[in-house]
Amino acid sequence: MTSLAGKVALVTGARRGLGRSIAEHLLGRGATVIGLARGAATIDSPDYHHRSVDIADAAAVQAAFRVIGRDFGGVDVLVNNAGVLTAQHAMILAPGAAKAMIDTNIFGTFMVSREAARLMRRRPGGRIVMIGSMAASLQPAGDSVYAATKAAVTVMANVLAKELGPMGITCNTLAVTAIESDMLDQLPRDKIDAIVAALPIPRLATRDDVTHALDFFLSPHSGYITAQTLWLGGIHQ
Ligand SMILES: NC(=O)c1ccc[n+]([C@@H]2O[C@H](COP(=O)([O-])OP(=O)(O)OC[C@H]3O[C@@H](n4cnc5c(N)ncnc54)[C@H](OP(=O)(O)O)[C@@H]3O)[C@@H](O)[C@H]2O)c1
(Lines give C-alpha, C1' and ligand atoms only; values in the text may rest on other atoms or scores of the structure.)
Protein backbone atom coordinates (compact mmCIF):
# COMPACT_ATOMS: atom_id res chain seq x y z
CA MET A 1 0.00 0.00 0.00
CA THR A 2 1.31 3.48 -0.87
CA SER A 3 2.59 5.43 2.11
CA LEU A 4 0.78 8.60 3.06
CA ALA A 5 4.05 10.19 4.18
CA GLY A 6 4.02 13.88 3.29
CA LYS A 7 0.21 13.95 3.14
CA VAL A 8 -1.97 15.95 5.52
CA ALA A 9 -5.19 14.18 6.53
CA LEU A 10 -7.99 15.86 8.46
CA VAL A 11 -10.42 13.69 10.42
CA THR A 12 -13.46 15.13 12.19
CA GLY A 13 -14.62 13.48 15.39
CA ALA A 14 -11.12 12.08 15.94
CA ARG A 15 -11.38 11.90 19.74
CA ARG A 16 -13.50 8.76 20.04
CA GLY A 17 -15.03 5.82 18.26
CA LEU A 18 -14.61 5.39 14.55
CA GLY A 19 -12.94 8.75 14.03
CA ARG A 20 -10.19 7.92 16.48
CA SER A 21 -9.61 4.57 14.75
CA ILE A 22 -9.45 6.29 11.36
CA ALA A 23 -7.01 8.92 12.66
CA GLU A 24 -4.79 6.21 14.17
CA HIS A 25 -4.93 4.22 10.93
CA LEU A 26 -3.86 7.22 8.85
CA LEU A 27 -1.05 7.97 11.31
CA GLY A 28 0.05 4.35 10.88
CA ARG A 29 0.14 4.89 7.12
CA GLY A 30 2.53 7.83 7.58
CA ALA A 31 0.19 10.81 7.24
CA THR A 32 0.27 13.93 9.33
CA VAL A 33 -3.18 13.93 10.90
CA ILE A 34 -5.23 16.89 12.08
CA GLY A 35 -8.14 15.91 14.29
CA LEU A 36 -11.17 18.10 14.92
CA ALA A 37 -13.55 17.37 17.80
CA ARG A 38 -15.35 19.31 20.49
CA GLY A 39 -13.18 18.02 23.32
CA ALA A 40 -9.45 17.73 23.90
CA ALA A 41 -7.08 15.36 22.12
CA THR A 42 -6.98 11.68 23.04
CA ILE A 43 -4.24 10.70 20.57
CA ASP A 44 -0.64 11.24 21.58
CA SER A 45 1.64 11.25 18.54
CA PRO A 46 4.14 13.80 17.19
CA ASP A 47 2.29 13.59 13.86
CA TYR A 48 -1.13 14.24 15.39
CA HIS A 49 -2.42 17.81 15.74
CA HIS A 50 -5.72 18.46 17.46
CA ARG A 51 -8.13 21.38 17.26
CA SER A 52 -11.05 21.57 19.67
CA VAL A 53 -13.82 22.90 17.45
CA ASP A 54 -17.56 22.50 17.29
CA ILE A 55 -17.98 21.92 13.55
CA ALA A 56 -21.51 23.33 13.73
CA ASP A 57 -19.99 26.73 14.60
CA ALA A 58 -19.14 28.28 11.22
CA ALA A 59 -16.88 31.00 12.62
CA ALA A 60 -14.95 28.50 14.74
CA VAL A 61 -14.44 26.20 11.74
CA GLN A 62 -13.17 29.08 9.62
CA ALA A 63 -10.82 30.22 12.38
CA ALA A 64 -9.45 26.68 12.73
CA PHE A 65 -8.84 26.45 8.99
CA ARG A 66 -6.97 29.76 8.95
CA VAL A 67 -4.52 28.21 11.42
CA ILE A 68 -4.42 24.91 9.51
CA GLY A 69 -3.69 26.73 6.24
CA ARG A 70 -0.93 28.72 7.89
CA ASP A 71 0.65 25.76 9.69
CA PHE A 72 0.28 23.00 7.08
CA GLY A 73 -0.09 24.84 3.76
CA GLY A 74 -2.76 22.46 2.48
CA VAL A 75 -4.88 19.40 3.13
CA ASP A 76 -4.78 16.21 1.05
CA VAL A 77 -7.43 14.04 2.73
CA LEU A 78 -10.62 14.89 4.59
CA VAL A 79 -12.67 12.26 6.40
CA ASN A 80 -15.99 13.75 7.49
CA ASN A 81 -16.65 11.42 10.41
CA ALA A 82 -18.07 13.62 13.19
CA GLY A 83 -21.73 12.96 13.80
CA VAL A 84 -24.38 12.87 16.50
CA LEU A 85 -27.41 10.64 16.90
CA THR A 86 -30.55 10.77 18.97
CA ALA A 87 -32.79 7.86 17.99
CA GLN A 88 -36.37 8.52 19.02
CA HIS A 89 -39.74 8.45 17.36
CA ALA A 90 -40.54 11.84 15.85
CA MET A 91 -43.37 12.64 18.24
CA ILE A 92 -41.02 12.53 21.26
CA LEU A 93 -37.75 13.67 19.65
CA ALA A 94 -36.86 16.99 21.30
CA PRO A 95 -36.51 19.86 18.81
CA GLY A 96 -33.06 20.66 20.17
CA ALA A 97 -31.86 17.10 19.55
CA ALA A 98 -33.24 17.16 16.03
CA LYS A 99 -31.53 20.47 15.32
CA ALA A 100 -28.22 19.24 16.77
CA MET A 101 -28.19 16.36 14.26
CA ILE A 102 -28.88 18.74 11.38
CA ASP A 103 -26.32 21.27 12.63
CA THR A 104 -23.48 18.79 13.12
CA ASN A 105 -24.18 16.09 10.56
CA ILE A 106 -25.15 18.35 7.66
CA PHE A 107 -24.08 21.95 8.31
CA GLY A 108 -20.86 21.04 10.13
CA THR A 109 -19.92 18.56 7.41
CA PHE A 110 -20.60 21.24 4.81
CA MET A 111 -18.48 23.85 6.60
CA VAL A 112 -15.51 21.54 7.05
CA SER A 113 -15.75 20.30 3.45
CA ARG A 114 -15.95 23.87 2.16
CA GLU A 115 -12.93 25.06 4.09
CA ALA A 116 -10.89 21.91 3.43
CA ALA A 117 -11.61 22.10 -0.31
CA ARG A 118 -10.19 25.61 -0.39
CA LEU A 119 -6.90 24.23 0.96
CA MET A 120 -7.09 20.99 -1.04
CA ARG A 121 -7.16 22.70 -4.40
CA ARG A 122 -3.59 23.89 -3.76
CA ARG A 123 -2.27 20.32 -4.17
CA PRO A 124 -3.05 17.47 -6.61
CA GLY A 125 -5.11 14.38 -5.74
CA GLY A 126 -7.39 15.61 -2.95
CA ARG A 127 -9.75 13.10 -1.34
CA ILE A 128 -12.96 13.78 0.60
CA VAL A 129 -14.77 10.86 2.21
CA MET A 130 -18.06 11.16 4.06
CA ILE A 131 -18.84 8.61 6.75
CA GLY A 132 -22.40 7.69 5.91
CA SER A 133 -24.67 5.18 7.58
CA MET A 134 -26.80 2.15 6.92
CA ALA A 135 -29.59 4.28 8.43
CA ALA A 136 -29.87 6.16 5.12
CA SER A 137 -30.72 2.89 3.40
CA LEU A 138 -32.60 0.95 6.09
CA GLN A 139 -34.52 4.03 7.28
CA PRO A 140 -35.48 2.49 10.65
CA ALA A 141 -38.25 3.87 12.87
CA GLY A 142 -36.72 6.33 15.33
CA ASP A 143 -34.18 7.67 12.83
CA SER A 144 -36.30 10.19 10.89
CA VAL A 145 -33.81 13.03 11.33
CA TYR A 146 -30.61 11.00 11.68
CA ALA A 147 -31.28 8.91 8.55
CA ALA A 148 -32.17 12.08 6.65
CA THR A 149 -28.88 13.72 7.67
CA LYS A 150 -26.93 10.67 6.54
CA ALA A 151 -28.74 10.64 3.19
CA ALA A 152 -27.88 14.33 2.96
CA VAL A 153 -24.13 13.82 3.31
CA THR A 154 -24.21 11.32 0.45
CA VAL A 155 -25.99 13.84 -1.74
CA MET A 156 -23.53 16.51 -0.59
CA ALA A 157 -20.60 14.30 -1.62
CA ASN A 158 -22.15 13.74 -5.04
CA VAL A 159 -22.61 17.46 -5.64
CA LEU A 160 -19.13 18.31 -4.32
CA ALA A 161 -17.76 15.65 -6.68
CA LYS A 162 -19.02 17.77 -9.58
CA GLU A 163 -17.76 21.05 -8.17
CA LEU A 164 -14.33 19.75 -7.16
CA GLY A 165 -13.70 17.08 -9.82
CA PRO A 166 -12.08 19.58 -12.19
CA MET A 167 -9.56 20.31 -9.40
CA GLY A 168 -8.66 16.61 -9.13
CA ILE A 169 -10.53 16.16 -5.84
CA THR A 170 -12.72 13.07 -5.42
CA CYS A 171 -15.72 12.97 -3.04
CA ASN A 172 -17.24 9.67 -1.97
CA THR A 173 -19.28 8.17 0.86
CA LEU A 174 -18.44 5.19 2.99
CA ALA A 175 -21.76 4.01 4.44
CA VAL A 176 -21.04 2.14 7.65
CA THR A 177 -23.07 -0.58 9.35
CA ALA A 178 -23.30 -0.79 13.15
CA ILE A 179 -19.88 -0.65 14.84
CA GLU A 180 -18.94 -0.59 18.52
CA SER A 181 -18.73 3.00 19.80
CA ASP A 182 -20.29 5.42 22.28
CA MET A 183 -22.92 6.18 19.63
CA LEU A 184 -23.92 2.53 19.33
CA ASP A 185 -24.03 2.20 23.12
CA GLN A 186 -26.87 4.75 23.17
CA LEU A 187 -29.15 2.33 21.32
CA PRO A 188 -31.06 -0.65 22.75
CA ARG A 189 -28.95 -3.75 22.08
CA ASP A 190 -31.94 -5.86 21.06
CA LYS A 191 -32.80 -3.36 18.33
CA ILE A 192 -29.22 -3.38 17.03
CA ASP A 193 -29.06 -7.18 17.18
CA ALA A 194 -32.23 -7.44 15.09
CA ILE A 195 -30.89 -5.00 12.47
CA VAL A 196 -27.52 -6.75 12.31
CA ALA A 197 -29.14 -10.20 12.03
CA ALA A 198 -30.96 -9.03 8.91
CA LEU A 199 -27.83 -7.77 7.14
CA PRO A 200 -26.43 -9.82 4.23
CA ILE A 201 -23.30 -10.29 6.38
CA PRO A 202 -24.94 -10.56 9.81
CA ARG A 203 -22.30 -9.10 12.10
CA LEU A 204 -21.12 -5.73 13.37
CA ALA A 205 -18.56 -3.88 11.24
CA THR A 206 -14.98 -3.82 12.50
CA ARG A 207 -12.48 -0.98 12.42
CA ASP A 208 -10.56 -2.90 9.75
CA ASP A 209 -13.68 -3.23 7.58
CA VAL A 210 -13.93 0.56 7.59
CA THR A 211 -10.27 1.47 7.18
CA HIS A 212 -9.71 -1.05 4.36
CA ALA A 213 -12.60 0.47 2.41
CA LEU A 214 -11.31 3.94 3.23
CA ASP A 215 -7.89 2.98 1.83
CA PHE A 216 -9.59 2.16 -1.47
CA PHE A 217 -11.00 5.69 -1.77
CA LEU A 218 -7.67 7.25 -0.70
CA SER A 219 -5.57 5.22 -3.14
CA PRO A 220 -3.73 7.12 -5.87
CA HIS A 221 -5.33 4.54 -8.21
CA SER A 222 -8.82 5.77 -7.27
CA GLY A 223 -8.57 9.18 -8.93
CA TYR A 224 -11.43 8.31 -11.33
CA ILE A 225 -13.72 7.06 -8.54
CA THR A 226 -15.98 9.86 -7.37
CA ALA A 227 -19.62 10.46 -6.38
CA GLN A 228 -19.82 6.84 -5.24
CA THR A 229 -21.29 5.33 -2.09
CA LEU A 230 -19.72 2.17 -0.79
CA TRP A 231 -22.21 0.34 1.42
CA LEU A 232 -20.47 -1.93 3.92
CA GLY A 233 -21.88 -5.33 4.82
CA GLY A 234 -24.01 -5.72 1.71
CA ILE A 235 -26.61 -3.03 2.41
CA HIS A 236 -27.58 -0.95 -0.59
CA GLN A 237 -29.71 2.04 -1.45
N1 LIG B 1 -21.38 3.62 15.56
C2 LIG B 1 -22.16 3.15 14.59
O3 LIG B 1 -22.76 2.07 14.72
C4 LIG B 1 -22.29 3.92 13.31
C5 LIG B 1 -23.00 3.33 12.27
C6 LIG B 1 -23.12 4.00 11.06
C7 LIG B 1 -22.53 5.24 10.91
N8 LIG B 1 -21.86 5.82 11.96
C9 LIG B 1 -21.26 7.14 11.75
O10 LIG B 1 -19.89 7.06 12.07
C11 LIG B 1 -19.44 8.33 12.54
C12 LIG B 1 -18.72 8.16 13.86
O13 LIG B 1 -19.61 7.61 14.79
P14 LIG B 1 -19.14 6.99 16.19
O15 LIG B 1 -20.01 5.84 16.44
O16 LIG B 1 -17.66 6.83 16.23
O17 LIG B 1 -19.59 8.20 17.16
P18 LIG B 1 -19.09 8.62 18.61
O19 LIG B 1 -18.39 7.49 19.28
O20 LIG B 1 -20.27 9.22 19.27
O21 LIG B 1 -18.00 9.77 18.31
C22 LIG B 1 -18.41 10.92 17.62
C23 LIG B 1 -17.24 11.86 17.41
O24 LIG B 1 -17.75 13.00 16.70
C25 LIG B 1 -17.38 14.18 17.40
N26 LIG B 1 -18.38 15.24 17.24
C27 LIG B 1 -19.73 15.13 17.42
N28 LIG B 1 -20.31 16.32 17.23
C29 LIG B 1 -19.32 17.19 16.92
C30 LIG B 1 -19.29 18.57 16.63
N31 LIG B 1 -20.41 19.32 16.58
N32 LIG B 1 -18.11 19.15 16.38
C33 LIG B 1 -16.96 18.41 16.41
N34 LIG B 1 -16.92 17.10 16.68
C35 LIG B 1 -18.10 16.50 16.94
C36 LIG B 1 -17.24 13.77 18.84
O37 LIG B 1 -16.41 14.73 19.46
P38 LIG B 1 -16.21 14.77 21.06
O39 LIG B 1 -15.45 13.51 21.38
O40 LIG B 1 -15.41 15.99 21.30
O41 LIG B 1 -17.59 14.78 21.66
C42 LIG B 1 -16.64 12.38 18.71
O43 LIG B 1 -15.23 12.46 18.62
C44 LIG B 1 -20.68 9.23 12.63
O45 LIG B 1 -20.76 10.04 11.48
C46 LIG B 1 -21.83 8.23 12.63
O47 LIG B 1 -23.00 8.80 12.13
C48 LIG B 1 -21.72 5.18 13.14
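This text follows the structure it describes.
Treat the numbers as computed from the prediction; the structure is a model and nothing was measured.

Conventions we followed
- Residues numbered from 1 in each chain as written.
- Predicted model: local features only at pLDDT ≥ 70, side-chain atom pairs only at ≥ 80, totals over all residues.
- Heavy atoms only, no water.
- Helix = DSSP H or I, 4+ residues; strand = E, 2+ residues; numbered from the N terminus.
- Rg over C-alpha atoms; globule rule 2.2 N^0.38 Å.
- Buried < 20%, exposed > 50% of the residue type's maximum accessible area, 1.4 Å probe, protein only.
- Contact = heavy atoms within 4.5 Å.
- Areas by Shrake-Rupley, 256 points an atom, 1.4 Å probe, with all protein chains shown as cover.
- Lys, Arg positive; Asp, Glu negative; His and termini not counted.
- Charge placed at Lys NZ, Arg CZ, Asp CG, Glu CD.
- Pairing = 2+ DSSP bridges.
- Axes fitted to C-alpha atoms, helices over the stretch in contact; angles between N-to-C directions.
- Near = heavy atom within 4 Å.
- Polar contact = N/O pair within 3.5 Å; in protein donor to acceptor, adjacent residues only side chain to side chain.
- Nonpolar A, V, L, I, M, F, W, Y, C, P; charged D, E, K, R; others polar.
- Salt bridge = Lys/Arg side-chain N within 4 Å of Asp/Glu carboxyl O.
- Core = buried A, V, L, I, M, F, W, Y, C linked by side-chain atoms within 4.5 Å.
- Phe/Tyr/Trp six-rings, centres within 6.5 Å; stacked < 30°, edge-to-face > 60°.

Enquirer: So what's going on with the overall build of the protein? Which residues, and what values?
Expert: In terms of helices and strands, the protein carries eight helices and seven strands. Since a compact globule built from 237 residues should have a radius of gyration of about 18 Å, the 17 Å found for the protein is in line with a globular shape. For the C-alpha atoms alone, the extent of the protein along its principal axes is close to 45 × 35 × 35 Å. By the burial criterion, 51% of the 237 residues in the protein qualify as buried. Pairs at least 24 residues apart make up 68% of the contacts formed inside the protein by residues separated by at least 6 positions. Of the roughly 10,700 Å² of accessible surface on the protein, 57% is carried by carbon and sulfur atoms. For the protein, the separation between the mean place of its 22 positive charges and that of its 19 negative charges on side chains is 8 Å.

Enquirer: Can you lay out the sheet that holds strand β7 (residues 229–231) for me, pointing to particular residues and giving the numbers?
Expert: Taking strand neighbours across the sheet as the criterion, the seven strands line up as β3-β2-β1-β4-β5-β6-β7 in an open arrangement whose pairing is parallel. For this open sheet the edge positions go to β3 (48–52) and β7, each flanked by a neighbour on one side alone. The average angle at which neighbouring strand axes cross in this sheet is 20°, direction not considered. Sheet topology places strand β6 (residues 170–176) next to β7; three bridges connect them, and they run parallel. Counted as the bridge partner of T173 is T229 from β7.

Enquirer: Describe the site of the ligand, listing the residues and the values that go with them.
Expert: Neighbouring the ligand are 29 residues, the closest being R15, G39, N81, Y146 and S181. A distance of 2.8 Å separates an oxygen atom of the ligand from a polar side-chain atom of R15. Separating an oxygen atom of the ligand from a side-chain N or O atom of R16 is a distance of 2.8 Å. Taken together, the residues of the shell around the ligand sort by class into 13 nonpolar, 10 polar and six charged.

Enquirer: Any chance you could break down the pattern of salt bridges for me, citing the residues and the numbers?
Expert: Evaluated as defined, the whole model comprises 11 salt bridges. A salt bridge links E24 to R20, with the shortest nitrogen-to-oxygen separation between them at 3.0 Å. Of this pair, E24 and R20 are both found in helix α1 (residues 17–28), four residues apart, which corresponds to roughly one turn of the helix. In this structure R20 comes out as partly exposed when scored by relative accessible area, which is 29%. Among the salt bridges present, the one from D71 reaches R70, with a minimum N-O distance of 3.0 Å. Assessed through its relative accessible area of 40%, D71 is described here as partly exposed. What makes R70 exposed here is its relative accessible area of 63%. If you follow the salt bridges from partner to partner, you end up with R51, R70 and D71 in one network.

Enquirer: Help me get a handle on the nonpolar core, residues and values and all.
Expert: The tendency in soluble globular proteins is for nonpolar side chains to be buried as a group. Within the largest apolar cluster, 30 residues are counted, with the highest numbers of intra-cluster contacts made by L10, L36, F65, I68, V112 and C171. Counting residues per element, the ones that place at least two in this core are β1 (8–12), β2 (32–37), α2 (58–72), α3 (95–120), β5 (127–133) and α5 (144–164). The contact partners of V112, leaving out residues within four places of it in the chain, are L10, T12, L36, I55, V61, F65, L78 and N80. V77, I131, I179 and L218 belong to the second largest nonpolar core, which has 27 residues in total.

Enquirer: Can you tell me about the packing of aromatic side chains, naming the residues and giving the values?
Expert: Scanning the model with the defined rule gives one aromatic pair in all. Note on F216 and F217: the rings are 5.6 Å apart at their centroids and 45° apart in plane angle, and the pair reads as tilted. Residue F217 is classed as buried on the basis of its relative accessible area, which comes to 2%.

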